[in-house]
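The chain contents come next:
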Amino acid sequence: MKSFLRQQLERYPVRLKELDFFLQQPEVVQDMERFRALTREHAEVSVVAALFERFLQAESGLAQAREMLEDPEMAEMARDEIAALEAGLPGLEEELQRLLLPRDPDDVRNTFLEIRAGTGGDESALFAGDLLRMYTRYAERQGWRSEIVSESEGEVGGYKEVVIRVVGEGSYGKLKFESGGHRVQRVPATETQGRIHTSACTVAALPEPDEAQAVQINPADLRIDTYRASGAGGQHVNKTDSAVRITHIPTGIVAECQDDRSQHRNKAKAMQVLAARIKEKERSERAAREAATRKGLIGSGDRSDRIRTYNFPQGRLTDHRINLTLYKLQFIMDGDLDEVVEALLLARKAEQLEELEIGLGGR
């Protein structure tokens, strides 16, 4: 095990004793907010401390077994024990590493996924429709539910812009790396010369805010407009002003919903999207102030601003952030995103370990 990890882990048993002491103090028990916070921390620290103790016991057992090799009568038993312990230690170390990495509390949340056509006109709108299908199929594979919140259809199909809500435990943790510019290279259906065109869309993945921790929005800062829903929707379309558009005047951020026949429910959904966008803006600005490059900046939608390229003639997908290339584009467009998502999660884990090592080295 790397010394910086051991150094970090050795603090957990010490912290656990401190927490045991604090939780026995009358003044802490009487302060419910502090008591709950310390109880939560105690539960988290206990898990790491217990696993570290198992790791140390396995290490100690391995050292003893190696000493036993010198005794001819014990050598065979020692070799079996060494093999078992050496097989188990890497798994314990990997689990300890995972527990040490900072967790994004938003990972467990539902997701608002926004897809916007960028450079490329009609072909870009068609590709936005393909991306929507890819994500909804992926959601189905994960056992999640997806619903359209708002949509603006393209002239020949697809979408100029579409927002969906993905409902499922941990959906944001897997979809958050989808934010950015997505470039497509293919021969459009309208192309008579057979030439390959390049178009682009932008995707933004936003965690659905926790109502208890949602950003505080002053009602006086909102302009709420109602209008008649467009597109598919049955007999109520163009007969009632059920669609809602909400503008946050201080930031200019706009959210709308036309999915439901009920104006009240559309307003509630639009407010959720608005809160998510405001929170994301605050998060982005905070990251910029800290001079950190935030993964998943939405970008401008220009061809050159890309995180991923979908090359249909070659059947190739390339994620430029981690230099991942897969020749299974048709499966991916049908929602088989697991390999891409796992590679991005592994890359992020490696980054976090490096950040942890640098952070501890600076102390």
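To be clear, the structure that these remarks concern was listed above.
This write-up is about the structure you can find in this document. Just so it is clear, the structure is predicted and the values come from calculations on it, not from any experiment.

## Remarks on the side chain of Asn110
Working step 1: Looking at the secondary structure, you find Asn110 in the loop between α5 (75-100) and β1 (111-117).
Working step 2: One polar contact links the side chain of Asn110 to the main-chain amide nitrogen of Gly168, over a distance of 3.0 Å.
Working step 3: Ignoring sequence-local partners within four residues, the contact set of Asn110 consists of Arg165, Val166, Val167, Gly168, Ser171, Tyr172, Leu206, Pro207 and Glu208.

## A few points about the sheet that holds strand β6 (residues 222-227)
Working step 1: Here we have three strands laid out as an open sheet, ordered β6-β7-β8, and antiparallel in their pairing. Looking at which strands have only one partner, the edges of the open sheet turn out to be β6 and β8 (253-257). Between one strand axis and the next, the sheet turns through 15° on average, direction left out of account.
Working step 2: When strand β7 (residues 243-248) meets β8, the two strands line up antiparallel, connected through five bridges. Paired with His248 across the bridge in β8 is Ile253.

## A look at the pattern of salt bridges
Side-chain pairs of opposite charge can arise whenever the charged atoms involved come near each other.
Working step 1: According to the stated counting rule, one finds 32 salt bridges in the structure shown.
Working step 2: A salt bridge links Asp106 to Lys279, with the shortest nitrogen-to-oxygen separation between them at 3.4 Å. Remark: Lys279 occurs in helix α8 (residues 263-289) and Asp106 occurs in the loop between α5 and β1; sequence separation between them is 173 residues.
Working step 3: A network of salt bridges, in which partner residues are shared, links Arg145, Glu147, Arg165, Glu208 and Lys269.

## A word on the environment of Leu329
Working step 1: Following the sequence through the fold, Leu329 ends up in helix α9 (residues 329-333).
Working step 2: Exposure remark for Leu329: the relative accessible area of 2% places this residue in the buried category.
Working step 3: Distance in space between the C-alpha atoms of Leu329 and Gly315 is 4.9 Å, their sequence separation being 14 residues.
Working step 4: With sequence-adjacent residues up to four places away left out, Leu329 is seen in contact with Tyr310, Asn311, Phe312, Gly315, Arg316 and Leu317.

## Structural notes on the side chain of Ser179
Working step 1: Among the secondary structure elements, Ser179 is positioned in the loop between α7 (171-175) and β4 (180-186).
Working step 2: Taking relative accessible area as the criterion, Ser179 reaches 4% and is therefore assigned buried.
Working step 3: A distance of 2.7 Å separates the side chain of Ser179 from the backbone nitrogen of Ala205, its partner in a polar contact.

## Brief notes about the packing of helix α4 (residues 32-68) against α5
Working step 1: Orientation of α4 relative to α5, taken along the N-to-C sense of each, is 155°, at an axis distance of 9 Å. With respect to each other, α4 and α5 are oriented roughly antiparallel. For the element pair α4 and α5, the recorded crossing hand is left-handed.
Working step 2: A class-by-class count of the residues in the contact of α4 with α5 yields 18 nonpolar, one polar and seven charged.

Parameters at a glance
Residues numbered from 1 in each chain as written. Predicted model: local features only at pLDDT ≥ 70, side-chain atom pairs only at ≥ 80, totals over all residues. Heavy atoms only, no water. Helix = DSSP H or I, 4+ residues; strand = E, 2+ residues; numbered from the N terminus. Polar contact = N/O pair within 3.5 Å; in protein donor to acceptor, adjacent residues only side chain to side chain. Contact = heavy atoms within 4.5 Å. Pairing = 2+ DSSP bridges. Axes fitted to C-alpha atoms, helices over the stretch in contact; angles between N-to-C directions. Salt bridge = Lys/Arg side-chain N within 4 Å of Asp/Glu carboxyl O. Buried < 20%, exposed > 50% of the residue type's maximum accessible area, 1.4 Å probe, protein only. Parallel < 35°, antiparallel > 145°, perpendicular 65-115°, else oblique. Left-handed = near helix turned anticlockwise from the far one by under 90°. Nonpolar A, V, L, I, M, F, W, Y, C, P; charged D, E, K, R; others polar.

Spatial relationships are all this shows, so hold off on functional conclusions.
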